[in-house]
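Chain by chain, the residues:
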Amino acid sequence: SLPAEEPLPSDLAAYTSLAQWAAQPPHVVGAAQAWTKRLVDRFGPLPPGTVAEDLVMVFRALGSGGAITLREPLVQYRRGGISRRRRKLYASDVIERLLKNNRHALVETEQMLKDARLMGRYDEIGTHLERTLARERFIAALFGAGSAFEKLGIALRAGEQPLALRLRLLTYAAAPWLLAPFFALKRLAAKERG
């Protein structure tokens, strides 16, 4: 197999607005970021539960006047280890990852909304962040509900969420057993690939 390519971060200097950030989120590598003390002082510490601090800090920087990307490699990037993405060969794997990402996204999106208000940029980006937060709250409510009937009610009342998303997540939350044949085929394909 071919060696994995090094991840190329987005050219942050090309981002001129938070609306552009929302339309085409930049690819960033957190281990290779540096921030000014002024940026940290302006917004304060990140809240507990923040995992994607690199995304939040890029959001803060772009909303505060900009950021730049150095094209010179300054860190050694290694793939694999404990940060390697696990294959999702069971519905439970997908659910575990979804809920983990949801916990972090709730914290980080609320922080970015707070930051947008502090920057006076809510009008530019608030609607996008509010939609993201509504989706994450829907996911948390759906998976936090007790019975399949409660989950169905949450999915039906969440009319602002796309129907395909509601149906897919309802299946994972209320009836993951329906996905067993799909994941059995996925495991078989993975086994054949070696």
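Residues numbered from 1 in each chain as written. Predicted model: local features only at pLDDT ≥ 70, side-chain atom pairs only at ≥ 80, totals over all residues. Heavy atoms only, no water.

## Topic: a nonpolar patch on the surface
There is a patch of nonpolar side chains on the surface, built from Ile-68, Leu-70, Leu-74 and Val-75 and spanning about 430 Å² of accessible area. Within the secondary structure layout, Leu-74 lies in the loop between α3 (53-63) and α4 (91-119). (Patch = residues over 30% accessible without salt bridge, like charges linked within 9 Å, V, L, I, M, F, W, Y side chains within 5 Å. Areas by Shrake-Rupley, 256 points an atom, 1.4 Å probe, with all protein chains shown as cover. Salt bridge = Lys/Arg side-chain N within 4 Å of Asp/Glu carboxyl O. Helix = DSSP H or I, 4+ residues; strand = E, 2+ residues; numbered from the N terminus.)

## Looking at α4
In this model, α4 (29 residues) spans 41 Å end to end at C-alpha, consistent with the 42 Å of a helix rising 1.5 Å per residue. One or two positions beyond α4, positive phi appears at Gly-120, with a value near 75°. (Expected span 1.5 Å × (residues − 1).)

## Side note on the side chain of Arg-166
Here Arg-166 lies in helix α7 (residues 163-174). Glu-160 provides the closest opposite charge to the buried, salt-bridge-free Arg-166, at an N-O distance of 7.2 Å. At 3.0 Å, the side chain of Arg-166 and the backbone oxygen of Ala-155 are in polar contact. In contact with Arg-166, other than residues within four places in its own chain, are Phe-138, Ala-155, Leu-156, Ala-158, Gly-159 and Gln-161. (Buried < 20%, exposed > 50% of the residue type's maximum accessible area, 1.4 Å probe, protein only. Lys, Arg positive; Asp, Glu negative; His and termini not counted. Polar contact = N/O pair within 3.5 Å; in protein donor to acceptor, adjacent residues only side chain to side chain. Contact = heavy atoms within 4.5 Å.)

## Some remarks on the packing of aromatic side chains
Within this structure, the stated rule accounts for 3 aromatic pairs. Seen in terms of ring centroids, Phe-182 and Phe-183 are 4.9 Å apart; in terms of plane orientation they differ by 80°. Their pairing is edge-to-face. These aromatic residues form a ring-pair network of at least three members: Tyr-172, Phe-182 and Phe-183. (Phe/Tyr/Trp six-rings, centres within 6.5 Å; stacked < 30°, edge-to-face > 60°.)

## Looking at the pattern of salt bridges
Under the counting rule described, the total for this entry stands at 6 salt bridges. A salt bridge links Glu-124 to Arg-121; the shortest N-O distance between them is 2.8 Å. The class for Glu-124 is partly exposed, based on a relative accessible area of 29%. Here Glu-136 ties to Arg-135 by a salt bridge, and the two come within 2.6 Å at their closest N and O atoms. Among the residues examined, Arg-135 registers a relative accessible area of 32% and is labelled partly exposed.

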